[in-house]
Amino acid sequence: MSFATTSDGVRLFYESAGSGTPIIFVHEFGGSHWSWEPQLNFFARRHRCITFAARGFPPSDIPETVEAYSQARAADDIVDVLDAVGIDKAHVVGLSMGGFASLHAALRHPERVLSVVAAGTGYGAEKVHEDYFKGVSEQVARNFEERGAKAFAPVYAEGASRVQFQEKDPRGWQLFADRLGQHDSKGAANTMRGVQMRRPSLYDLEAELRALQTPVLVMVGDEDDHCLQPGLFLKRTIKRSALAVFPKSGHTLNLEEPELFNRLVSDFIAQVEAGRWTPRDPRANPAQVMRTD
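Residues numbered from 1 in each chain as written. Predicted model: local features only at pLDDT ≥ 70, side-chain atom pairs only at ≥ 80, totals over all residues. Heavy atoms only, no water.

A. Examining the pairing of strand β3 (residues 21-26) more closely. Of all 6 residues that make up β3, 5 are buried, and the element is covered over most of its length. Sheet topology note: the β3/strand β4 (residues 47-52) ladder contains 5 bridges and is parallel. Bridging from a neighbouring strand, P22 pairs with R48 of β4. The parallel pair β3 and β4 is bridged by helix α1 (residues 37-43), and the resulting crossover is right-handed. (Buried < 20%, exposed > 50% of the residue type's maximum accessible area, 1.4 Å probe, protein only. Helix = DSSP H or I, 4+ residues; strand = E, 2+ residues; numbered from the N terminus. Pairing = 2+ DSSP bridges. Right-handed = clockwise from strand over helix to strand, strands pointing away.)

B. Up close: the packing of aromatic side chains. In total, this model carries 15 aromatic pairs according to the counting rule given. Arranged with centres 5.7 Å apart and planes meeting at 80°, the rings of F29 and F144 form a pair that is edge-to-face. Of this pair, F29 sits in the loop between β3 and α1 while F144 is found in helix α4 (residues 130-147), placing the two residues 115 residues apart along the sequence. In this structure, F29 and F144 share a single accessibility class: buried. Looking at R11, its charged tip hangs above the ring of F3, at a distance of 4.0 Å from the centre. It is R199 that lies over the ring of F100; its NZ or CZ is 3.7 Å from the centre. (Phe/Tyr/Trp six-rings, centres within 6.5 Å; stacked < 30°, edge-to-face > 60°. Lys NZ or Arg CZ within 6 Å of the ring centre and 35° of its normal.)

C. Inspection of the environment of G194 at higher detail. With respect to the helices and strands, G194 occurs in helix α8 (residues 185-196). G194 gets classed as buried once you look at its relative accessible area, which sits at 2%. Separated by 111 residues in the primary sequence, G194 and D83 place their C-alpha atoms 24 Å from one another. Discounting residues that sit within four places of it in the chain, G194 has contacts with V66, Y69, S70 and Q71. (Contact = heavy atoms within 4.5 Å.)

D. Highlighting empty space enclosed by the protein. Considering all chains together, one arrives at 1 cavity of 30 Å³ or more under this definition. Size it by volume and the largest cavity reaches roughly 150 Å³. Lining the largest cavity are 14 residues, with A54, R55, A74, D77 and M97 sitting closest to its centre. Mapped onto the lining of the largest cavity, the elements with two or more residues apiece are α2 (71-85), α3 (97-108) and α8. In terms of residues, the lining of the largest cavity owes the most to one element, α2, which gives 3 residues. Residues that form the lining of the largest cavity fall into these classes: 8 nonpolar, 3 polar and 3 charged. (1 Å grid on protein atoms, 1.4 Å probe; cavity = no way out; pocket = protein on both sides within 12 Å on 5 of 7 lines; lining within 4 Å. Points joined across faces, edges and corners; volume = space filled by probe spheres on them. Nonpolar A, V, L, I, M, F, W, Y, C, P; charged D, E, K, R; others polar.)

E. Summary view of the sheet that holds strand β7 (residues 216-221). A sheet is described by the order of its strands in space; here 8 strands give the open sequence β1-β2-β4-β3-β5-β6-β7-β8, paired in mixed fashion. Edge strands, defined here as strands with exactly one partner in the open sheet, are β1 (2-5) and β8 (241-246). Each neighbouring strand pair of the sheet contributes to a mean axis angle of 25°, computed without reference to strand direction. Two strands pair when backbone bridges link them, and strand β6 (residues 113-119) and β7 are joined in this way by 4 bridges, in the parallel orientation. Bridge pairing in β7 links V116 to V216. Lying over the sheet, helix α10 (residues 225-237) contacts β7 and β8, oriented at roughly 155° with respect to β8. (Axes fitted to C-alpha atoms, helices over the stretch in contact; angles between N-to-C directions.)

F. Fine view of the layout of surface pockets. Quantified by volume, the largest pocket comes out at close to 740 Å³. Together, 29 residues line the largest pocket, and Y123, F133, V136, Y156 and S161 are the ones closest to its centre. Contributions of two or more residues to the lining of the largest pocket are made by α4, α5 (149-156), α8 and α10. The leading source of residues in the lining of the largest pocket is α4, at 8 residues. Taken together, the residues of the lining of the largest pocket sort by class into 11 nonpolar, 11 polar and 7 charged. Considering only enclosed or pocket space, the second largest pocket measures out at about 180 Å³ in volume. As for the second largest pocket, its lining consists of R210, K235, R236, T237, I238, K239, P279, R280 and P286. Residues belonging to the lining of the second largest pocket are distributed by class as follows: 3 nonpolar, 1 polar and 5 charged.

Structure representation (structure tokens):
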């Protein structure tokens, strides 16, 4: 087993496969390093692929205090893993919590990030739902603490943006739910309180995102309702960005629609490496309906 030690002394488990231009995969709250198996199987054929378990997710360390968890720390952990593996720059692919961390890594360490895929990135970002999201997050944290991961996992895994996965791929969804039940309850609660509840809204980062020069692909399922508007916001705000909307899809995009996910990410990385992922053509004025002169 391989471990990276972060700048604040936390050990993070990581796996590496393949060779070529590096890609690091950053998992969501409901997943872990195992969430990216369909991507490692595909991308390791032509890329150096790294996946890791975030702090609070076994077999990585489980810091006891909430103060050891934060959005900034999650972004810095990505770079610490790259350092441990000996990689200077990488494409960063993140889902949900991992998508937020990937964007923040690009903002905090742009010299280390070749590109960002931000999939299902939006929960808690909508200003109108900020207080509601924090309240629900606290409730989820308490459920992990009081009921335990094994008992609470089937409930969490049947959320409004997870049932699409269950409907399409019952076996894949059941594996996801079973693995969720193996999470560390304390680590899950601390992650929910320290990262999810305290991270800044994407809308509060508008100036920083407008200045971002990193190529970004935003992905969202059309039934992942609380990521749709944030996804549009990211597309309209980040200069070198595009938005892909998956039809009849929920939140767990890389497992729910692995073939489509892999193809879009592969095409994106190929365009970035060819120097073809450019800012929007200034002639494509969003205020224009039809040209008249």
